[in-house]
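Summary of structural features
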Amino acid sequence: MATYRVFQKAINKKGEAPIYISFYINREKVEVPTKISISPSDFDKEKEVIKLSCEFAKDKNLIISNIKSAINDILVRYRLRNESISVTTFWQEYRNPRQYKSFFDFCLAYQRLRFQEITVSTQKKHKACLGNLRDFKEIIYFDELTPEFFRRFVLYLRNRRGNAEVTIKTIGIISIYLNEAVRKELIKENPIHGLRLRGCQETTAVALEEEELNRLVELYKTGSLYGSQYKSLEFFLFLCFSSLHIADAKALDISQIGEKEFSYIRAKMLNIRPRVVRVPISEPLRILIDKQKGNRKSGLLWDEILSDQKINKHLKTIAELAGIEKKLSAKVGRHTFATIFLRKTKDLNALKDIMGHSNIKQTLVYAHVLDQDRKMGVQIFNTFSL
């Protein structure tokens, strides 16, 4: 059994220091990064854990524990096989660059490490996308991974699903595994790169206009809805005013809510690149929070909420009652916040921070709002007569 040491390295400009896990293989030191950086005052050097006073300490300590388990699994596997392991071999195993008989064997091995970094819902998406590929061809060898192979796979998805957006998402997730295979030199290049998915352009995220959101606000204020329909509309409005994804909204704890802002770590980023996201609280959001919280001081803000499927079912009915022709679902709430915020502020960087995006490219999906405003702005010159 290896002896592990959890420690911090040099402090960065933000006053934080990255946490590493070290151990020895054949008297050679190995240091594994955890991708977590905190203030040295929040780290207990003796116990080698993050102090509970640090924000999201339990989650961060869990990540460190999971990395230790992944390291230990590799060392135990070699010990049980009576095989020696070198530092080079360890890193190969940790990063999964081994040769595999088929592409699916490689994918399954890669998941053993990657699935420690992503949420259960994202894991399900990965499994579903690879399941589509396995349905197309049960065994795929590396030399079969060509652009032509994936062109045929795209046609298969279109004929089977008839949904362009699903096709793009499936190809996007499979590309993650192909990129890893390239990095491990199992294939020379990603066959999907440069593949033109004709007719499969990324669609603009569905979002409500201000007037449509006002209709839902008025419907909510009338009190004409009852029971689960009323609760679904209330929760949807919370998403519209908070910017939260449905999973993050359901996980939001009262302790994370302050007077002027609330903070959280996006569930999908928890084990990848955990970063605290801070969202200012608007007046309508404060009303919804206070109403839902009541006199409670702790616990989940939404302690009793319907399943995603039931909420989306109610939202379809609510859209009809409000005279909204768009297909409403919980994710439309987050898109609505982003669209209205960007239209009012024109500030992509601020939106990136509030949405918790790790890359500005994710935020650019809402850039169509700026394009529309630019086109409208040019119309002012139509008043000049030549």
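Coordinates for the structure precede this section.
Description of the structure in this document. Every value quoted in this text rests on a predicted model; they were computed, and no experiment measured them.

Reading the values: the criteria
- Here the residue numbers are simple positions, counted from 1 along each chain's written sequence.
- Thresholds applied to this predicted model are a pLDDT of at least 70 for local features of residues and 80 or more for the giving and counting of side-chain atom pairs; totals over whole chains, interfaces and linings are not thresholded and use all residues.
- Think of the side-chain values as coming from all heavy atoms in the structure, minus any hydrogens and water.
- Axis definition: a line fit to C-alpha positions, over the contact stretch in the case of helices; interaxial angles, taken between N-to-C directions, run 0 to 180 degrees.
- Each helix corresponds to a stretch of at least 4 residues labelled H or I by DSSP, and each strand to a stretch of at least 2 residues labelled E; elements are numbered beginning at the N terminus.
- The scheme is simple: roughly parallel for angles under 35 degrees, roughly antiparallel for over 145, roughly perpendicular for 65 to 115, oblique for anything else.
- Handedness of a helix crossing follows the sense of rotation of the near helix relative to the far helix, less than a right angle counterclockwise being left-handed and clockwise being right-handed.
- By definition, residues are in contact when any of their heavy atoms lie within 4.5 Å.
- The residue classification treats Ala, Val, Leu, Ile, Met, Phe, Trp, Tyr, Cys and Pro as nonpolar and Asp, Glu, Lys and Arg as charged. All others, Gly included, are polar.
- Note on terminology: a nonpolar core comprises buried Ala, Val, Leu, Ile, Met, Phe, Trp, Tyr and Cys residues joined through side-chain atoms within 4.5 Å.
- Throughout this description, buried means an accessible area under 20% of the type-specific maximum (1.4 Å probe, protein chains only), exposed means over 50%, and partly exposed covers the range between.
- The salt bridge criterion pairs a side-chain nitrogen of Lys or Arg with a carboxyl oxygen of Asp or Glu, the two atoms within 4 Å.

With respect to the packing of helix α7 (residues 210-222) against helix α8 (residues 227-242)
Look at α7 against α8: their axes get within 10 Å of each other, and the N-to-C directions meet at 140 degrees. On the basis of their axis angle, the class for α7 and α8 is oblique. Seen from above, α7 lies across α8 with left-handed handedness. Note on element contacts: α8 touches α7 through Y230, L233, E234, F236, L237, C240 and F241, opposite L213, L216, V217, L219 and Y220. Broken down by class, the residue content of the contact of α7 with α8 amounts to eleven nonpolar, no polar and one charged.

What to know about the nonpolar core
What tends to happen in soluble globular proteins is that the nonpolar side chains get buried as a cluster. Core analysis: the largest hydrophobic core is formed by 52 residues, its most contacted members being L216, L237, F238 and F262. Top element by residues in this core is α8. It accounts for nine residues. Residue contacts for L216: discarding those within four places in its chain leaves L208, L233, F236, L237, I318, A322, I324 and L328.

A short note on the pattern of salt bridges
Tallied over the entire structure, the rule returns 18 salt bridges. Across the pair K326 and E212 runs a salt bridge, and its minimum N-O distance is 2.9 Å. Here K326, found in the loop between α11 (308-321) and α12 (330-345), pairs with E212, found in helix α7; they are 114 residues apart in sequence, far enough to count as distant. Residue K326 is classed as partly exposed on the basis of its relative accessible area of 27%. Close ionic contact of E234 with K291 constitutes a salt bridge, the shortest N to O distance being 3.7 Å. Of the two residues, E234 is situated in helix α8 and K291 in helix α10 (residues 283-293); the sequence distance between them amounts to 57 residues. Taking the relative accessible area as the measure of exposure, K291 reaches 49% and is therefore partly exposed. One network of salt bridges, with partners in common, ties together K9, K29 and E31.

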